[in-house]
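Here are the chains, one letter per residue:
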Amino acid sequence: MDNSQHNYTAHAFYKNLPNGRCSGTLSIENGRISFIGGEQKLAIPIEGSEFKLGGASNRLVFISHPDWPELSYYTSDRSILNDPLLIDHPTIAVQLSHAKRKRTTNHIIFIVVSLLFIASPFSLYFAIDPMAAMIARQVPADWEQTLAKRALKQYQLESTFMPDKQAELLLKPLTSPLLAALPDKRYDFHFSISLDEEVNAFALPGGYIVIHSGLILKADSAEELLGVVAHEIAHVTEQHGLRNMISASGTFIIIDAFLGDMTGLLAVIAEAAPLLINQSYSRQFEADADEKGVVLLKAANINPQGLHQFFKKIQEEEKKRLSQVTDDENHALIQQSLALLSSHPTTSDRIDQLKLLTQADSASFRNLDKEFDKLKQAVQQFVTHTSSDITTDEN
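## Let's talk about the overall build of the protein chain
Scanning the protein chain from N- to C-terminus turns up 16 helices and ten strands. Relative to its 395 residues, the protein chain shows a buried fraction of 46%. Partitioning the intrachain contacts of the protein chain with sequence separation of at least 6 by distance along the chain shows that 65% fall at a separation of at least 24. Working note: accessible area of the protein chain is about 20,400 Å², and carbon and sulfur atoms make up 53% of it.

Dropping the structure here:
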């Protein structure tokens, strides 16, 4: 065994260090990973230590030990991955080999993606969304929530909302079955009701969903409303909004994030938070939300036909109202008042597909009529009283 000392420039994190951290030198010797920084001397045994890559593009090697959870090292000198004193330990050798393969794989991916970008932007176009999906799963849920709160705060400056406690009390009996049926509990969902006659709803990352009063009043049943809500929940769980923003952030920022450096991407997304409110989804994302929404409705024992029926009803109403006007300005006003169709394009093919997806069997579904009627009455009162107050203020 090589008993010589091997040194690497490094940093240590430990609660007893000044400011919790210190710069110094790592030494691999005598079965220990020792750190010396000024007057500070720390050490952990090689056996049982854990080695992981991290930082921007996985440029750093992080070292820790489960028996010393408050102490960790990191070094930018990746030659430590080839240290013979570490490789002599079989369990450590496996970790180092995995880390080296990971870095090599990242380099290959970077080269391949870069070549695709140079040789064929068309080919890269198809790689962006899968990369965005993988990156999105690395974004912490609480960061998504912070992003959504920023966007929602901007929206609230120009909108009127039903008091949160009242909205929660009314919506919880209706939305709880959907949330209980979610297999992934990554998000803590928050539902709000805004005063807006547009027949619409929208989802923000992190579990924030805003339902327009117009949507609730236009729905004729809990199944119709919850069909739309389930669709919006699917946009959240599939991270469609976040993936949109990642895809639009720029090729090289995406590649950096894919290889581990999220700094540039998070900065770009944070600046673009207000755009989350008015964003539209691709046909693929909408179809995905339809499918996942229907699966969720069935899992919650809620009649999934409500989603198809509601879209069909809104589409037929739009056609009827548009047939009664001749000028472009009124056409635009009608389409705006039925915003659910512009933000969730309901082509005939899509409605047909929804019909197939929502075919119900003879199962006995939940009856949420009382809860829905209570919600609808309260929303109608909210709209009437708020509109009256606005009229009074204007006079």
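## Let's talk about the pairing of strand 10 (residues 208-212)
Remember that side chains alternate between the two faces of the sheet whenever the strand is regular. Counted residue by residue, strand 10 has five buried out of five residues, so it is predominantly covered. Residues Tyr208, Val210 and His212 of strand 10 are buried on one face, and the alternating residues Ile209 and Ile211, pointing to the opposite face, are buried as well. Examined bridge by bridge, strand 9 (residues 201-204) and strand 10 share four bridges and lie antiparallel to one another. The residue bridging Ala203 from the neighbouring strand is Ile209, located in strand 10. Connecting the antiparallel pair strand 9 and strand 10 is a turn made up of three residues, with Gly206 showing a positive phi of about 85°.

## Concerning the pattern of salt bridges
Tallying each qualifying case throughout the model produces three salt bridges. Between Arg186 and Glu144 there is a salt bridge, with its nearest N and O atoms 2.8 Å apart. Of this pair, Arg186 sits in the loop between helix 5 (164-181) and strand 8 (190-194) while Glu144 sits in helix 4 (residues 141-156), and the two are 42 residues apart along the sequence. Given a relative accessible area of 0%, Glu144 falls into the buried group. Lys292 is the salt-bridge partner of Asp288, the closest N and O atoms lying 2.6 Å from each other. Placement of the pair is Asp288 and Lys292 together in helix 11 (residues 283-299), with a separation of four residues, close to one helical turn. Classification of Asp288 as buried rests on a relative accessible area of 13%.

## Here's the deal with the nonpolar core
Grouped together as the largest cluster of nonpolar side chains are 45 residues, with contacts concentrated most on Leu178, Leu225, Ile233 and Leu375. It is helix 7 (residues 222-237) that contributes the most residues to this core, eight residues altogether.

## A few points about the packing of helix 7 against helix 11
Following both chains from N to C, one finds helix 7 and helix 11 inclined at 120°, their axes separated by 7 Å at the closest point. The pairing of helix 7 with helix 11 is recorded here as oblique in orientation. Every pair of crossing elements has a handedness; the one defined by helix 7 and helix 11 is right-handed. Only Phe285, Glu286, Ala289, Asp290, Lys292, Gly293, Leu296 and Leu297 of helix 11 make contact with helix 7, whose side of the interface consists of Leu226, Gly227, Ala230, His231, Ile233, Ala234 and His235. Looking at side-chain class alone, the contact of helix 7 with helix 11 contains eight nonpolar, four polar and three charged residues.

## Describing the sheet that holds strand 9
The three strands are arranged 8-10-9 in an open sheet whose pairing can be described as mixed. One side of each edge strand has no neighbouring strand; the edge strands of this open sheet are strand 8 and strand 9. Taking the axes of each pair of neighbouring strands and ignoring which way they run, one obtains an average angle of 20° across the sheet. Inspection of the sheet shows strand 8 paired to strand 10 by five bridges, in the parallel sense. Its bridge partner being in strand 10, His190 is matched across the sheet by Tyr208. The strands touched by helix 4 are strand 8, strand 9 and strand 10; relative to strand 10, the strand with the most contacts, the crossing angle is about 30°. The strands touched by helix 7 within the sheet are strand 8, strand 9 and strand 10, with strand 9 carrying the most contacts at an inclination of about 25°.

## A short note on helix 11
Helix length check: helix 11 (17 residues) gives 24 Å between terminal C-alpha atoms against 24 Å at 1.5 Å per residue, within 8%. With its phi angle positive at about 60°, Asn301 sits one or two positions after the end of helix 11.

## Focus on unusual backbone geometry
One non-glycine residue, Asn30, adopts positive backbone phi at about 50°. On the secondary structure map, Asn30 appears in the loop between strand 2 (21-29) and strand 3 (32-37). Overall, Asn30 belongs to the exposed group, its relative accessible area being 67%. Despite not being glycine, Gln239 shows a phi value in the positive range, around 60°. Note on placement: Gln239 falls in the loop between helix 7 and helix 8 (240-247). Residue classification places Gln239 among the buried positions, given a relative accessible area of 3%.

## Let's talk about helix 8
Most of helix 8 is tucked away: six of the eight residues are buried. Restricting attention to buried positions, one finds in helix 8 the residues His240, Gly241, Leu242, Arg243, Met245 and Ile246.

## Comments concerning the side chain of Glu223
Examined against the element boundaries, Glu223 turns out to sit in helix 7. Despite being buried, Glu223 has no salt bridge partner; Arg366 is the closest side chain of opposite charge, sitting 9.3 Å away. In this structure Glu223 touches Ile302, Asn303, Gly306, Leu307 and Arg366, once residues within four positions along its chain are discounted.

## What about the packing of helix 8 against helix 11?
It is the contact of helix 8 with helix 11, at a shortest axis distance of 11 Å, that shows an interaxial angle of 165°. Judged on the interaxial angle alone, helix 11 and helix 8 are roughly antiparallel. For the pair helix 8 and helix 11, the crossing hand works out as right-handed. Along the contact surface, helix 8 presents His240, Arg243 and Asn244, while helix 11 presents Phe285, Asp288 and Ala289. Partitioned by chemical class, the residues of the contact of helix 8 with helix 11 number two nonpolar, two polar and two charged.

What counts, and at which threshold
Residues numbered from 1 in each chain as written. Predicted model: local features only at pLDDT ≥ 70, side-chain atom pairs only at ≥ 80, totals over all residues. Heavy atoms only, no water. Helix = DSSP H or I, 4+ residues; strand = E, 2+ residues; numbered from the N terminus. Buried < 20%, exposed > 50% of the residue type's maximum accessible area, 1.4 Å probe, protein only. Contact = heavy atoms within 4.5 Å. Areas by Shrake-Rupley, 256 points an atom, 1.4 Å probe, with all protein chains shown as cover. Pairing = 2+ DSSP bridges. Salt bridge = Lys/Arg side-chain N within 4 Å of Asp/Glu carboxyl O. Core = buried A, V, L, I, M, F, W, Y, C linked by side-chain atoms within 4.5 Å. Axes fitted to C-alpha atoms, helices over the stretch in contact; angles between N-to-C directions. Parallel < 35°, antiparallel > 145°, perpendicular 65-115°, else oblique. Left-handed = near helix turned anticlockwise from the far one by under 90°. Nonpolar A, V, L, I, M, F, W, Y, C, P; charged D, E, K, R; others polar. Expected span 1.5 Å × (residues − 1). Lys, Arg positive; Asp, Glu negative; His and termini not counted.

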